[in-house]
Amino acid sequence: MKNEDYMKLAIKGAKEAVKKGKPPICSIMVKDEKIIARGWSSVGNEFDPSGHNDINCIKASCKALKTTFDLSGCVMYTTIEPCSMCLGCAAWAGLPKIVFGAYQEDISDNPYELKDYHAKELAKNMVLANGRKMEVVGGILKEECKQLMRNFKNWMPLK
C-alpha cells in the first residue's frame, strides 16, 4: 500500500473518533504492511495533557511489540502534524518515519505549543533512541485531513 492508502485509514479512524466524542484526529502504526496499533486523543476525556493521538498510538505499538525503545521498521500515519511532545516521544521510541496530513497552519484554529513550528524541521535535529535519524513527511491527503478539523476550535467542536 502507498502513503495515501494508509492515510485514508487514518482519516477513517478520525471520523470514527468524532462518533465517540473525540477530536477528529487519528494515528495508525504500520509494520510489515500491517496495522499494529491506533491512537486517538484522550486529552479531554481522561484529563490527560499528554494523551495525544500520536502518543497513544506509540504506547499501544510499544505494548504490541513488547518494546520501549525500538519501533524500527514501523511507520506512523497521522492526520495532523505531530506536536513537539509527540515528536520527542517518537524519537525516544526509535520510530524511524512519520507521515502526516494537515500542517499546523492548516488547522490554525487549533493552536500548537510553539509558534511557527514544523515537525519536519525539528526532526532534522533529533536523534532516535537507536542513534538513527527520523524521516518526517507531511501534506499527504492534506485537504482531506484539514477538512476533518473545520468544525473545531481550540480542539473543541464548534457549537
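Coordinates for the structure precede this section.
Definitions and limits used
Residues numbered from 1 in each chain as written. Predicted model: local features only at pLDDT ≥ 70, side-chain atom pairs only at ≥ 80, totals over all residues. Heavy atoms only, no water. Helix = DSSP H or I, 4+ residues; strand = E, 2+ residues; numbered from the N terminus. Buried < 20%, exposed > 50% of the residue type's maximum accessible area, 1.4 Å probe, protein only. Salt bridge = Lys/Arg side-chain N within 4 Å of Asp/Glu carboxyl O. Expected span 1.5 Å × (residues − 1). Phe/Tyr/Trp six-rings, centres within 6.5 Å; stacked < 30°, edge-to-face > 60°. Lys NZ or Arg CZ within 6 Å of the ring centre and 35° of its normal.

A. Structural view of unusual backbone geometry. Even without glycine at this site, Asp116 takes up a positive phi of about 55°. With respect to the helices and strands, Asp116 occurs in the loop between strand 4 (97–102) and helix 5 (119–123). In this structure Asp116 comes out as exposed when scored by relative accessible area, which is 61%. Even without a glycine there, the phi angle at Trp155 is positive, about 65°. Locating Trp155 in the fold gives a position in the loop between strand 6 (152–153) and strand 7 (156–157).

B. Fine view of the pattern of salt bridges. Applying the stated rule across the entire model yields three salt bridges. Asp106 is the salt-bridge partner of Lys142, the closest N and O atoms lying 3.8 Å from each other. Taken as a pair, Lys142 in helix 6 (residues 142–148) and Asp106 in the loop between strand 4 and helix 5 lie far apart in primary sequence, 36 residues in all. Take Lys142: its relative accessible area is 30%, and that puts it in the partly exposed class. For Lys124, the salt bridge goes to Glu121, with nearest N and O atoms at 3.1 Å. Residue class for Lys124 comes out exposed when judged on its relative accessible area of 53%.

C. Helix 3 (residues 53–65), seen in detail. The first and last C-alpha atoms of helix 3 sit 18 Å apart over 13 residues, in line with the 18 Å expected at 1.5 Å per residue. Phi for Lys66, located one or two positions after helix 3, is positive at around 55°.

D. Looking closely at the packing of aromatic side chains. Applying the stated rule across the entire model yields five aromatic pairs. Aromatic side chains Phe69 and Trp92 sit 6.5 Å apart centroid to centroid with 55° between the ring planes, which places their arrangement in the tilted category. Of this pair, Phe69 sits in the loop between helix 3 and strand 3 (74–80) while Trp92 is found in helix 4 (residues 84–92), placing the two residues 23 residues apart along the sequence. For Phe69, a relative accessible area of 47% gives the class partly exposed. Centroid distance Phe100 to Tyr103: 4.9 Å. Interplanar angle 80°. Geometry classified as edge-to-face. For the pair formed by Phe100 and Tyr103, the shared burial category is buried. Taken together through their ring pairs, the aromatic side chains of Tyr112, Tyr117 and Trp155 make up a single cluster. We note Lys20 situated over the ring of Trp40; from NZ or CZ to the ring centre the distance is 5.3 Å.

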